[in-house]
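Structural features, examined
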Amino acid sequence: MVSVCFVTPDSFCVLPGEHLSLLLRHPDQPAKSKVLKVAIIGSPNAGKSTLSNQLLGRKVFAVSKKVHTTRNRAMGVLTEGDTQIILLDTPGLTTVSKVKRHQLEKSLLVDPWNTVKEADLMVVMVDVADRWMCSRLDFEVLKCLAQHPDTPAILVLNKVDKVKAKDRLLDITAVLTCGMVNGHKMRVRPVIKPPWAKKLKEQLKVLRSQLGWPHFKDVFMLSSVDSDDVETLKTYFITKAKTGSWKYHSEVLTDQSPEEVCTNLIREKLLEYLPQEVPYAVTQSIEFWQEGENGELHINVKLYAKKDTHMKMLIGTAGQVVARMAQEAGEDLGRVFLRNIKLKLSVKLKT
């Protein structure tokens, strides 16, 4: 099997085991290096992976309108000049009951919390186009913030381009920050800040009645698909980086293996084309991965469906659905790997 390593857009290599060796290679850091670990958290489908992709300048993380597209913590590395920003893209914060109900991986419960422990900065993303989600911070997000009070946090209001009445953004900001930003009271409208309790049970009770978080250092209003907005946030990260040793070589783009990126981007298409809970039940197996004579990458992936009805949905009339997914996933992979991709998807009933 050929392994593809993820490097900067100006160079690319295809050598056996090169991806792992690049991750293990000693960082080529400058004399006065700076580093910042950023944990991007929020409710499912807030736009965390889209923002990470835009910051990296490459679609490394899968994106879908359905929740729980990101199933495990993944890392992206942005290196500019003497500064290295490590983006920790996490699954949306969820609950035990939801994991059991939808038969999701237990990693969805653990990964976000473990990620925040190692972060220098927390980015809380909120989808302001969703009226329900922007009316208050998710309780799981509030718990995460409360358990890490010493880690600086910023609020990012995403999808502002979809909000017609822009003055609503100030009201949303006032609610989600409890009227406080960086220790100063916002002059928007009064918001009652509940008292803090010392005991954990009492603290959680207070959190349940709390709409926002009064300790955000800064607030950003942006559209994660707008390059200028994303550049502003990137500049902010660079200014917040502290003197320290780089964690990775400057050519590293992600800690995901090429195979993981491939299966994640295929999962994105499954979520897009299959209804309800069907895509969450489909499993994948990479059967073939080889570089061709002209530098093309040939990949064969088998999709396993639990039910005959699911298999028929996957295939579609005259094989149109699976063919379209293969075409679109192949095009996405081509933009990631910087080469032509020949992706073949086949479907089989899981026995």
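Bear in mind that the values here come from a model prediction, so they are computed numbers and not experimental data. (Residues numbered from 1 in each chain as written. Predicted model: local features only at pLDDT ≥ 70, side-chain atom pairs only at ≥ 80, totals over all residues. Heavy atoms only, no water.)

1. Notes on the sheet that holds strand S10 (residues 283–291)
Two modes of strand pairing occur in sheets, parallel and antiparallel, and in both the strands are linked by backbone hydrogen bonds. Worth spelling out the cut-off: Strands pair, by our definition, only if DSSP identifies at least two bridges between them. Numbering goes from the N terminus for both helices and strands, where a helix is a DSSP run of H or I of at least four residues and a strand is a run of E of at least two. Each axis is a line fitted through C-alpha atoms, and for a helix only the stretch in contact is used; angles between axes span 0 to 180 degrees, taken between their N-to-C directions. Between two residues, a contact is recorded if the distance between any of their heavy atoms is within 4.5 Å.
A sheet is described by the order of its strands in space; here three strands give the open sequence S10-S11-S12, paired in mixed fashion. Unpaired on one side and paired on the other, S10 and strand S12 (341–349) mark the two borders of the sheet. Ignoring which end each strand starts from, the neighbouring axes of this sheet average 15° apart. As judged from the nine bridges shared by strand S11 (residues 297–305) and S12, these two strands associate in the parallel manner. The residue of S12 that forms the bridge with His 298 is Lys 342. Lying on the sheet, helix H9 (residues 258–273) is in contact with S10, S11 and S12; it crosses S10 at an angle near 130°. Packing against the sheet, helix H11 (residues 320–337) makes contact with S10, S11 and S12, and its axis sits at approximately 140° to S12.

2. Quick word on the pairing of strand S4 (residues 121–127)
Selection criterion: Type-normalised accessible area, obtained with a 1.4 Å probe on protein chains alone, sets the label of each residue: buried when under 20%, exposed when over 50%, and partly exposed for intermediate values. The crossover handedness rule: strands pointing away from the viewer, path from first strand over the helix to second strand clockwise, crossover right-handed.
Within S4, seven of the seven residues are buried, which leaves it mostly tucked inside the rest of the structure. Residues Leu 121, Val 123, Met 125 and Asp 127 line one face of S4 and the alternating positions Met 122, Val 124 and Val 126 line the opposite face, and both faces are buried. Pairing between strand S1 (residues 34–42) and S4: five bridges, direction parallel. Its bridge partner lying in S4, Ile 40 is registered against Val 123. Pairing geometry for S4 and strand S5 (residues 153–158), over six bridges, is parallel. From the neighbouring strand, Met 125 faces S5, where its bridge partner is Val 156. Assessed by its sense of winding, the connection that carries the chain from S4 through helix H5 (residues 139–147) to S5 is right-handed.

3. Re the packing of aromatic side chains
Aromatic ring pairs are reported here in terms of the distance separating the ring centres and the angle at which the planes meet. Definition in use: Aromatic pairing here means that ring centres of Phe, Tyr or Trp (its six-membered ring) are within 6.5 Å. Orientation follows from the plane angle: under 30 degrees is stacked, over 60 is edge-to-face, and everything else is tilted.
Throughout the structure, instances matching the rule amount to three aromatic pairs. Ring plane angle 70° and centroid distance 4.9 Å describe the contact between Phe 220 and Tyr 236, whose orientation is recorded as edge-to-face. Within this pair, whereas Phe 220 is found in strand S8 (residues 218–221), its partner Tyr 236 is found in helix H8 (residues 227–240), the two being separated by 16 residues in sequence. Here the two residues Phe 220 and Tyr 236 agree in accessibility, since each one is buried. Clustering of aromatic rings is evident, with ring pairs tying together Phe 220, Tyr 236 and Phe 237.

4. Concerning H9
We count it as follows: By this rule the span expected of a helix is its residue count minus one, scaled by 1.5 Å.
Taking 1.5 Å per residue as the helical rise, H9 with its 16 residues ought to reach 22 Å, and the 23 Å between its terminal C-alpha atoms agrees with that figure. Across the 16 residues that make up H9, a large majority, 13, are buried.

5. Remarks on the pattern of salt bridges
Put simply, the rule is: Whenever Lys or Arg places a side-chain nitrogen within 4 Å of a carboxyl oxygen from Asp or Glu, that contact is recorded as a salt bridge.
One pass over the full model with this rule turns up 14 salt bridges. Of the charged contacts in the structure, one is a salt bridge between Glu 291 and Arg 339, with a shortest N-O distance of 3.7 Å. On the criterion of sequence distance, the pair formed by Glu 291 in strand S10 and Arg 339 in the loop between H11 and S12 is long-range, its members being 48 residues apart. Residue class for Glu 291 comes out partly exposed when judged on its relative accessible area of 32%. Here Arg 324 makes a salt bridge to Glu 328, at a shortest N to O gap of 3.3 Å. Remark: Glu 328 and Arg 324 occur in helix H11; sequence separation between them is four residues, near one turn of the helix. Given a relative accessible area of 48%, Arg 324 falls into the partly exposed group. Residue classification places Glu 328 among the buried positions, given a relative accessible area of 19%. Salt bridges here are not isolated pairs; linked through shared partners, they connect Lys 59, Glu 268, Lys 269, Arg 324, Glu 328, Asp 332 and Arg 335.

6. Quick look at the pairing of S11
Residues Leu 297, Ile 299, Val 301, Leu 303 and Ala 305 of S11 are buried on one face, while the alternating residues His 298, Asn 300, Lys 302 and Tyr 304, pointing to the opposite face, are not. Inspection of the sheet shows S10 paired to S11 by eight bridges, in the antiparallel sense. When the sheet's bridge partners are listed, Phe 288 is paired in S11 with Asn 300. Here S10 hands over to S11 after five residues, with Gly 295 in that stretch at a positive phi of 85°.

7. Notes on the confidence of the model for the protein
Low-pLDDT portions of the prediction should not be read for the details of their coordinates. What counts here: The predictor attaches a confidence to each residue, called pLDDT, with possible values from 0 through 100.
For the protein, the mean per-residue pLDDT works out to 81, and 79% of the residues sit at or above 70. In the model of the protein, helix H3 (residues 96–101) stands out as the element of lowest mean pLDDT, 47, in contrast to strand S9 (residues 242–243), which has the highest, 96. Segment residues 1–16: pLDDT under 50, and 57 contacts once partners within four positions in sequence are set aside and those in other chains are kept. Note that pLDDT drops below 50 for residues 94–99; the model gives that stretch 13 contacts with residues more than four away or on any other chain.

8. Notes on the packing of helix H10 (residues 308–315) against H11
So the rule is basically this: Throughout this description, any angle smaller than 35 degrees is read as roughly parallel, any larger than 145 degrees as roughly antiparallel, any in the 65 to 115 degree range as roughly perpendicular, and the remainder as oblique. Under the scheme applied, nonpolar residues are Ala, Val, Leu, Ile, Met, Phe, Trp, Tyr, Cys and Pro; charged residues are Asp, Glu, Lys and Arg; polar residues are all the others, including Gly.
Contact geometry of H10 with H11 gives a least axis separation of 4 Å together with a crossing angle of 60°. Judged by the angle between their axes, H10 and H11 are oblique. The segment H10 lies against H11, with Met 313, Leu 314 and Ile 315 engaging Gln 320, Val 321, Val 322 and Met 325. The residue makeup of the contact of H10 with H11, split by class, is six nonpolar, one polar and no charged.

9. Focus on unusual backbone geometry
Look at Lys 159: it is not a glycine, yet its phi comes out positive at around 65°. Inspection of the secondary structure puts Lys 159 in the loop between S5 and helix H6 (168–176). With relative accessibility at 19%, the residue Lys 159 sits in the buried group. Of note in the backbone geometry, Asn 182 takes a positive phi value of approximately 55° without being a glycine. Within the secondary structure, Asn 182 sits in the loop between strand S6 (180–181) and strand S7 (184–185).

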